[in-house]
Amino acid sequence: MSGAQDRSHKFTAPDAIVPSRKFATPADAAKAFTVAREKTIAYAQSTQDDLRTHVGEGPMGPMDAYQWLLLLAAHSARHTAQILEVEANPGYPKP
């Protein structure tokens, strides 16, 4: 999943996951993300499920639930790096 964090390769999101503007403010989006992430972390920390036996179609083919959890973390890290890049741009408004 380290490739998911590699910012040297830019990607365009597939239509199914392009932001839909369903949140009124960035703060609303951040709150929804945090709530979902907390649920995922709680599940990952407490589950007794055999994550390797639950398989679904992923962006690069079949992935088990363990791989999905890794991808979620890597995807988050990629977006964090993206945000830091934008904020480091000299043209980014400073408070």
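No experiment lies behind these values; they were computed from the predicted model shown.

## Some details on the overall build of the protein chain
Phase 1 of the analysis: Scanning the protein chain for helices and strands turns up two helices and two strands.
Phase 2 of the analysis: Counting from the amino terminus, the protein chain carries its helices and strands in the arrangement α-β-β-α.
Phase 3 of the analysis: Against the globule reference of 12 Å for 95 residues, the protein chain gives a C-alpha radius of gyration of 16 Å, more extended than a compact globule.
Phase 4 of the analysis: Projected onto its principal axes, the C-alpha positions of the protein chain cover 50 × 30 × 25 Å.

## Some details on the pattern of salt bridges
Phase 1 of the analysis: With the rule as written, the count across this model stands at one salt bridge.
Phase 2 of the analysis: Between Asp64 and Arg52 there is a salt bridge, and its shortest N-O distance comes to 2.9 Å. Placement of Asp64 in strand β2 (residues 61–64) and of Arg52 in the loop between α1 (26–46) and β1 (55–58) is noted, with a sequence separation of twelve residues between them.
Phase 3 of the analysis: For Asp64, a relative accessible area of 9% translates into the label buried.
Phase 4 of the analysis: For Arg52, a relative accessible area of 47% corresponds to the partly exposed category.

## Remarks on the pairing of β1
Phase 1 of the analysis: In terms of strand pairing, β1 meets β2 through four bridges, oriented antiparallel. Bridge assignment links Glu57 to a residue of β2, and that residue is Pro62.
Phase 2 of the analysis: Hairpin connection, β1 to β2: the antiparallel pair is bridged by two residues.

The rules we used
Residues numbered from 1 in each chain as written. Predicted model: local features only at pLDDT ≥ 70, side-chain atom pairs only at ≥ 80, totals over all residues. Heavy atoms only, no water. Helix = DSSP H or I, 4+ residues; strand = E, 2+ residues; numbered from the N terminus. Rg over C-alpha atoms; globule rule 2.2 N^0.38 Å. Salt bridge = Lys/Arg side-chain N within 4 Å of Asp/Glu carboxyl O. Buried < 20%, exposed > 50% of the residue type's maximum accessible area, 1.4 Å probe, protein only. Pairing = 2+ DSSP bridges.

None of the figures reported here should be taken as evidence of function without further support.
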